[in-house]
Amino acid sequence: MKKQKKSTQSPVITVNRKARHDYHLQERYEAGIVLQGTEVKAIRAGQMNLMDSYAQISDGEIFLTDAHIGLYEQGNTANHEPKRKRKLLLHRREINKLERSIRSKGMTIVPTRAYFSNGKVKLELAVAVGKRLYDKRAQLEREEVAREMRAYP
């Protein structure tokens, strides 16, 4: 009997599609996240939302702000707060590099997706620059033209 190959893709928990629409994404980083037990169980149940979330650097540490992780149904009194600040785990040199890059005007750190890697929850962070309204319109127009061209060969 043949051995099955392990999938190289990790199971994606959630994707922040709004980030691609609202920002020009540049450098990407993989970060671990410090979670409580009920948060992990809620994430496995698919109750994580990265919409409108961002990362902040304070005192040499990086934190995820406004990410929503729903309450775990069997959590009782040990349940977590859905929108609390969560510490992210990155190497010191990566945090320093991120800090230097966001000092530029209009730069921010945005989580683009969350996924499992070896049973641990990981976040993909991107250094991003906000798009102007005309950039968003131009992108929507390009996508619409491409969609029409695929429809009529």
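Residues numbered from 1 in each chain as written. Predicted model: local features only at pLDDT ≥ 70, side-chain atom pairs only at ≥ 80, totals over all residues. Heavy atoms only, no water.

Mean pLDDT over the protein chain works out to 87, with 93% of the residues at or above the 70 mark. Mean pLDDT in the protein chain bottoms out at helix α1 (residues 17–22), which sits at 87, and peaks at strand β7 (residues 86–89), which reaches 95. (pLDDT = per-residue confidence, 0-100. Helix = DSSP H or I, 4+ residues; strand = E, 2+ residues; numbered from the N terminus.)

Right, let's talk about the environment of glutamate 27 for a bit. Secondary-structure assignment places glutamate 27 in strand β2 (residues 23–33). Sequence-wise, glutamate 27 and alanine 128 are 101 residues apart; in three dimensions their C-alpha atoms are separated by 7.8 Å. Aside from chain neighbours lying at most four places away, what touches glutamate 27 is Lys97, Leu125, Ala126 and Val127. Separated by 2.7 Å, the side chains of glutamate 27 and tyrosine 29 make a polar contact. (Contact = heavy atoms within 4.5 Å. Polar contact = N/O pair within 3.5 Å; in protein donor to acceptor, adjacent residues only side chain to side chain.)

Attention now goes to the environment of arginine 84. Of note, arginine 84 is situated in the loop between β6 (68–69) and β7. Setting aside residues up to four positions removed in sequence, arginine 84 forms contacts with Val34, Leu35, Gln36, Glu39 and Leu64.

What follows covers the packing of aromatic side chains. Overall, the coordinates contain zero aromatic pairs when judged by the stated rule. It is lysine 85 that lies over the ring of phenylalanine 63; its NZ or CZ is 5.9 Å from the centre. Sitting above the plane of the tyrosine 115 ring, arginine 113 keeps its charged end 4.3 Å from the centroid. (Phe/Tyr/Trp six-rings, centres within 6.5 Å; stacked < 30°, edge-to-face > 60°. Lys NZ or Arg CZ within 6 Å of the ring centre and 35° of its normal.)

Bringing the pattern of salt bridges into the picture now. Evaluation of the coordinates by the stated rule reveals eight salt bridges. With its nearest N and O atoms 3.1 Å apart, the salt bridge here joins glutamate 61 to lysine 87. With glutamate 61 in strand β5 (residues 61–65) and lysine 87 in strand β7, the pair connects residues that are 26 residues apart, well separated along the chain. Through salt bridges with shared partners, one network takes in Arg28, Arg113 and Glu124. (Salt bridge = Lys/Arg side-chain N within 4 Å of Asp/Glu carboxyl O.)

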